[in-house]
Amino acid sequence: MLVVEDEKPIAEILKYHLERSGYVVNIAFNGEDALERVARDNPDLILLDIMLPKIDGLTVCRQIRAHSTVPILMLTAKHEETDKVQGLEFGADDYVTKPFSPREVVARVRALLRRTHAGNNGSNGNDNNGALQCGEVTIDLAVREVRKNNQPVPLTVREFELLKYLVLRRGQPFTREALLEDVWGYEYYGDIRTVDVTVRRLREKVEDDPSNPQYILTKRGVGYMFRQF
Ligand code: CA
C-alpha cells in the first residue's frame with residue numbers, strides 16, 4: 001500500500017505500524033510522486049494526506065479516481081470539515097482525523113481491505129449466488145461486480161456497499177441517518193452529507209439521467225431507496 005504524507009515523522013510512524021501488521025508499505029512525500037507511484041506500483045490501498053506539496057491530496061484523489069477504484073483512506077486535519085466532505089466527494093472511501101492513533105489507522109485499513117476482498121473468496125453465503133438483475137443493471141454480489149448493459153461499472157468500496165445495502169432491501173426507503181449508521185458505521189455520526197455525495201456518485205455511474213433517477217430514488221421526507229423491479 002502507499003502512504004502519501006509530506007510530514008516525514010507521521011509517514012514513518014504509519015509505515016512502522018502498518019508493516020508490523022503485515023502490510024508492505026511505500027511512502028510518497030508529495031502529490032506528484034504519489035501519482036507516479038500509483039501508476040507504476042498499482043497499490044492495493046492508499047493513505048492520502050490532504051495538505052501536500054506540488055499537488056494537493058484532493059486533486060490526487062480525483063485523478064486516481066478517474067481510472068481506479070483502489071480504496072483511499074484520507075488523512076485530514078482536525079477542523080477541516082470541508083476537506084472531509086470534499087475528500088469523500090472526490091471518491092475517498094474513508095478518512096481519519098489528525099491527530100490519529102496508529103492503531104485506529106491500522107483498524108481502518110484492515111476494515112477497508114476486508115470490504116474490498118469480501119466477495120473475492122466465494123465465502124459470501126448461499127443467498128447471493130447468481131447476479132441480481134435490476135432493469136439494465138446487473139449486480140453480482142459474490143464477485144462485487146456491477147454491470148450496466150453488460151458494461152462494467154467500476155465502483156469504490158463505499159459506493160458498492162451502499163448499492164448493495166439498498167439493492168438487498170429494494171423497495172424499502174431508508175433515512176440518511178440509517179444509511180450512515182449501517183453502511184459507514186461508527187465514525188460518521190452527524191455527517192449525513194456523506195450519504196448524499198455517495199448517492200450522487202452512484203447515480204452518475206448507474207443512471208441514464210442522474211437528475212431523473214430510475215434506480216436509486218429519493219423518497220421525499222424519508223431518504224433513499226432502490227426501486228423494486
Ligand atoms: Ca501534510
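Residues numbered from 1 in each chain as written. Predicted model: local features only at pLDDT ≥ 70, side-chain atom pairs only at ≥ 80, totals over all residues. Heavy atoms only, no water.

Chemist: Please clarify how the environment of Asp196 should be interpreted in this entry.
Modeler: Relative to the assigned elements, Asp196 resides in helix 8 (residues 193-206). Distance in space between the C-alpha atoms of Asp196 and Tyr224 is 9.2 Å, their sequence separation being 28 residues. Once residues within four sequence positions are removed from consideration, Asp196 is found in contact with Arg176 and Tyr224. (Helix = DSSP H or I, 4+ residues; strand = E, 2+ residues; numbered from the N terminus. Contact = heavy atoms within 4.5 Å.)

Chemist: Hey, could you run me through the environment of Leu163 in this one?
Modeler: Following the sequence through the fold, Leu163 ends up in helix 6 (residues 157-168). Separated by 53 residues in sequence, Leu163 and Ile216 have C-alpha atoms that sit 8.6 Å apart.

Chemist: When you look at the coordination of the calcium ion in this model, what are you seeing that I'm missing?
Modeler: Ideal geometry at a metal centre gives angles of 109.5 degrees when four donors are arranged tetrahedrally and 90 or 180 degrees when six donors are arranged octahedrally. Every protein donor of the calcium ion is listed here as Asp6 (OD), Asp49 (OD) and Met51 (O), and their distances to the metal cover 2.0 to 2.3 Å. Along the chain, the residues that donate to the calcium ion are spaced as D-x42-D-x1-M. In this pair, Asp6 sits in the loop between strand 1 (2-4) and helix 1 (8-20) while Met51 sits in the loop between strand 3 (46-49) and helix 3 (57-65), placing the two residues 45 residues apart along the sequence. Under the relative-accessibility criterion, Asp6 is labelled partly exposed at 30%. (Donors = N, O, S within 2.8 Å, 3.2 Å for Na, K, Ca; no water. Buried < 20%, exposed > 50% of the residue type's maximum accessible area, 1.4 Å probe, protein only.)

Chemist: It is not clear to me how the pairing of strand 8 (residues 145-148) should be interpreted in this structure. Could you clarify?
Modeler: A regular strand carries its side chains on alternate faces of the sheet. Side-chain alternation along strand 8 places Val146 and Lys148 on a buried face and Glu145 and Arg147 on a face that remains uncovered. Two elements, strand 7 (residues 137-140) and strand 8, share four bridges in a ladder whose sense is antiparallel. Looking across to strand 8, one finds that Thr138 is bridged to Arg147. (Pairing = 2+ DSSP bridges.)

Chemist: Just checking my understanding: could you explain the packing of aromatic side chains for this structure?
Modeler: Centre distance and the angle of the planes are the two values used to describe a pair of aromatic rings. Evaluation of the coordinates by the stated rule reveals four aromatic pairs. Centroid distance Tyr165 to Phe174: 5.2 Å. Interplanar angle 65 degrees. Geometry classified as edge-to-face. For the pair shown, Tyr165 and Phe174 are each scored as buried. On the numbers, 6.1 Å between centres and 45 degrees between planes, the contact of Tyr215 with Phe226 is tilted. Highlighted residues: Tyr215 in the loop between helix 8 and strand 11 (216-219) and Phe226 in strand 12 (residues 223-226), separated in sequence by 11 residues. Taken together through their ring pairs, the aromatic side chains of Tyr215, Phe226 and Phe229 make up a single cluster. Note that Arg169 overlies the ring of Tyr165, its terminal NZ or CZ placed 3.8 Å from the centroid. The lysine or arginine in question, Arg227, covers the ring of Phe229, its NZ or CZ lying 4.4 Å from the ring centre. (Phe/Tyr/Trp six-rings, centres within 6.5 Å; stacked < 30°, edge-to-face > 60°. Lys NZ or Arg CZ within 6 Å of the ring centre and 35° of its normal.)

Chemist: Can you help me understand the pattern of salt bridges in this one?
Modeler: Close approach of charged atoms allows side chains of opposite charge to pair. In total, this model carries 18 salt bridges according to the counting rule given. In this structure, Arg37 engages Asp33 in a salt bridge whose closest nitrogen and oxygen atoms are separated by 3.5 Å. Of this pair, Arg37 and Asp33 are both found in helix 2 (residues 31-41), four residues apart, which corresponds to roughly one turn of the helix. One salt bridge in this structure joins Asp94 and Arg158, with 3.5 Å as the shortest N-O distance. Taken together, the positions of Asp94 in strand 5 (residues 94-97) and Arg158 in helix 6 put the pair 64 residues apart, joining distant regions of the chain. Neither residue differs from the other here; Asp94 and Arg158 are each classed as buried. Among the ionic contacts, a cluster of salt bridges with common partners joins Glu5, Glu7, Asp49 and Lys98. (Salt bridge = Lys/Arg side-chain N within 4 Å of Asp/Glu carboxyl O.)

Chemist: Would you take a moment to explain the nonpolar core for this structure?
Modeler: What tends to happen in soluble globular proteins is that the nonpolar side chains get buried as a cluster. Formed by 26 residues in total, the largest nonpolar core has its most connected members in Val146, Leu162, Leu163, Leu179, Ile216 and Phe226. Setting aside chain neighbours within four positions, we find Leu163 in contact with Ile139, Val146, Leu155, Leu202, Ile216 and Phe226. Val4, Ala28, Leu52 and Cys61 belong to the second-largest nonpolar core, a separate cluster that totals 21 residues. (Core = buried A, V, L, I, M, F, W, Y, C linked by side-chain atoms within 4.5 Å.)

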